[in-house]
2 protein chains.
Amino acid sequence: MIVPPALEDIDSAEIERRAAVYGPLADAVRDLVDATIRTTVDDDTVRAVAATIRAATARLRESQIEGGFGIRYTTGGVPMPWGNAAIGLRNAVAPPLHVVAGADGVHTAEVELGAAYEGATGHVHGNVCALVLDHVAGSAASHGERPHVTGTLTLRYRRPTPLGPLRARARIERTEGWKTFVTATLADAAGVTIEAEGVFIVPAWARSRLER
Amino acid sequence: MIVPPALEDIDSAEIERRAAVYGPLADAVRDLVDATIRTTVDDDTVRAVAATIRAATARLRESQIEGGFGIRYTTGGVPMPWGNAAIGLRNAVAPPLHVVAGADGVHTAEVELGAAYEGATGHVHGNVCALVLDHVAGSAASHGERPHVTGTLTLRYRRPTPLGPLRARARIERTEGWKTFVTATLADAAGVTIEAEGVFIVPAWARSRLER
């Protein structure tokens, strides 16, 4: 069962301090993931680097939480979804996505997807494209206020999406009760590669709070 | 445009040698990704580890390929999709998935999804579940012979999928020309969490080869 988010009683200065410690570590690991795929150094160097990585991991594991990071909020309501597979500041699997809400209601994410997100040669894996579109469309649906879950998401692949810099855009088309209908696109410099339509739903645990 | 796979003239011994060099490196990086999310060591240790990681990455980058790894085959027809975001031996973003084809036509993947794949607290991100189901269903559709792309994939989320050991299963329901209809499930120890139906299509570049 999905539980409401955990709360931590910390202020914005403490959030910034933590982000400044953990963000650069995750960025370094993202860069390592890319280099691990693309390196052509000799075998002995690969083995030596692997040993270094294992030792670094052991240092981090000297003290750690049980299980996943979870979605955390401060008691002041600031979200810290730092373990999230799409947007996690501390998660090197996440690109990560940063969604910007425009004054016109259009939510946008600029993202560079490199070798770690490849499917067909030179192109972004279709499921990674879906993750990006789902997240940006979901952000538009919630517009920072209403939590949501994805009801349906339909993608039309107009052409393969090349690795490199991409832009996702999403906006609300209409809202019916707890359902929000959103359209979104993924594009490279040459134009749209994928069109998406999604229905997003306010989860039961959030409805009573929103009704108050 | 999606291109046919690149060919490399190497034998099975050379494939095994490369897998034995690069597989352990990517495994070490996967473990580091998990530790980066979950660590609670002091800030100075985090900073020191980040510096170590950056130095390790620089060693790997002393010699590297341009762009992504791509899908490679040996001239003997053995696939090496080692950069792939779902199954890549060299890609620490990939869980990675290993699909086993049963004699009964059921394709199965056992996978442990930890902190790096989290969405809602304690649960696998919905898009990661979709990636797993898409890949296993696609493998069933191609049954090792016919390349395919996903036409549609429809998911029914019966309940949230917890982090931990999971099993995906898929099988062909029927085939119509270049279209193959597949059903699949994702399950934890307590039973099915997601049901999926997909239509998979043989891409144009593979049809002429299959017709010969």
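### Observations regarding the pairing of strand β7 (residues 164-176) of chain B
Residue and element names in this part refer to chain B.
(1) Moving on: With seven bridges joining them, strand β5 (residues 107-113) and β7 adopt antiparallel strand pairing. Across the sheet, Thr108 pairs through a bridge with Arg169, a residue of β7.
(2) Moving on: Here nine bridges tie β7 to strand β8 (residues 179-188), and the two strands are oriented antiparallel to one another. Following the sheet pairing, Ile172 is matched in β8 by Val182.

### A closer look at the interface of chain A and chain B
(1) Moving on: The interface is formed by 71 residues belonging to chain A together with 71 residues belonging to chain B.
(2) Moving on: A combined buried area of about 6,800 Å² lies between chain A and chain B, and 60% of that area is made up of carbon and sulfur atoms.
(3) Moving on: Between Asp31 of chain A and Arg61 of chain B there is a salt bridge whose closest N-O contact spans 2.5 Å.
(4) Moving on: Those elements that provide at least two residues to the side of chain A that touches chain B are α1 (12-38), α2 (43-60) and α3 (126-142) of chain A.

### Looking at the packing of aromatic side chains
Residues and elements named next belong to chain A.
(1) Moving on: Here the structure, examined in full by the defined rule, presents two aromatic pairs over all chains.
(2) Moving on: Summarising the aromatic geometry, the rings of Phe69 and Trp82 are spaced 6.5 Å apart at their centres and angled 20 degrees between planes, so their arrangement reads as stacked. Of this pair, Phe69 sits in the loop between α2 and β2 (72-74) while Trp82 sits in the loop between β3 (79-80) and β4 (99-101); the two residues are 13 residues apart in sequence, bridging distant segments of the chain. In this structure, Phe69 and Trp82 share a single accessibility class: buried.
(3) Moving on: The ring of Phe181 has Arg174 sitting right over it, with the charged end atom 3.9 Å from the ring centre.

### Details of the state of the cysteines
(1) Moving on: Here the structure, examined in full by the defined rule, presents zero disulfides over all chains.
(2) Moving on: Free cysteine Cys129 of chain A: the closest other cysteine sulfur is in Cys129 of chain B, separated by 18 Å.
(3) Moving on: Given a relative accessible area of 1%, Cys129 of chain A falls into the buried group.

### Quick notes on the layout of surface pockets
Empty space left among the atoms is revealed by rolling a probe the size of a water molecule over them.
All names here are of chain B.
(1) Moving on: What the second largest pocket holds in volume is close to 290 Å³.
(2) Moving on: Forming the walls of the second largest pocket are 19 residues, and the residues nearest its centre are Asp34, Glu112, Leu113, Gly114 and Ala115.
(3) Moving on: Mapped onto the lining of the second largest pocket, the elements with two or more residues apiece are α1 (12-38) and β5.
(4) Moving on: Ranked by residues supplied to the lining of the second largest pocket, first place goes to α1 with five residues.

### Notes on the side chain of Thr57 of chain A
(1) Moving on: Note on placement: Thr57 of chain A falls in helix α2.
(2) Moving on: Judged by its relative accessible area of 2%, Thr57 of chain A falls in the buried class.
(3) Moving on: Those residues in contact with Thr57 of chain A that lie beyond four places of it in its chain are Ala28, Asp31, Leu32 and Ala35 of chain B.

Each value, and the rule that gives it
- Residues numbered from 1 in each chain as written.
- Chains lettered and ligands numbered in written order.
- Predicted model: local features only at pLDDT ≥ 70, side-chain atom pairs only at ≥ 80, totals over all residues.
- Heavy atoms only, no water.
- Pairing = 2+ DSSP bridges.
- Helix = DSSP H or I, 4+ residues; strand = E, 2+ residues; numbered from the N terminus.
- Contact = heavy atoms within 4.5 Å.
- Buried area = accessible area lost by both parts, 1.4 Å probe.
- Salt bridge = Lys/Arg side-chain N within 4 Å of Asp/Glu carboxyl O.
- Phe/Tyr/Trp six-rings, centres within 6.5 Å; stacked < 30°, edge-to-face > 60°.
- Buried < 20%, exposed > 50% of the residue type's maximum accessible area, 1.4 Å probe, protein only.
- Lys NZ or Arg CZ within 6 Å of the ring centre and 35° of its normal.
- Disulfide = S-S within 2.5 Å.
- 1 Å grid on protein atoms, 1.4 Å probe; cavity = no way out; pocket = protein on both sides within 12 Å on 5 of 7 lines; lining within 4 Å.
- Points joined across faces, edges and corners; volume = space filled by probe spheres on them.

Limitation: the analysis is restricted to geometry and does not speak to function.
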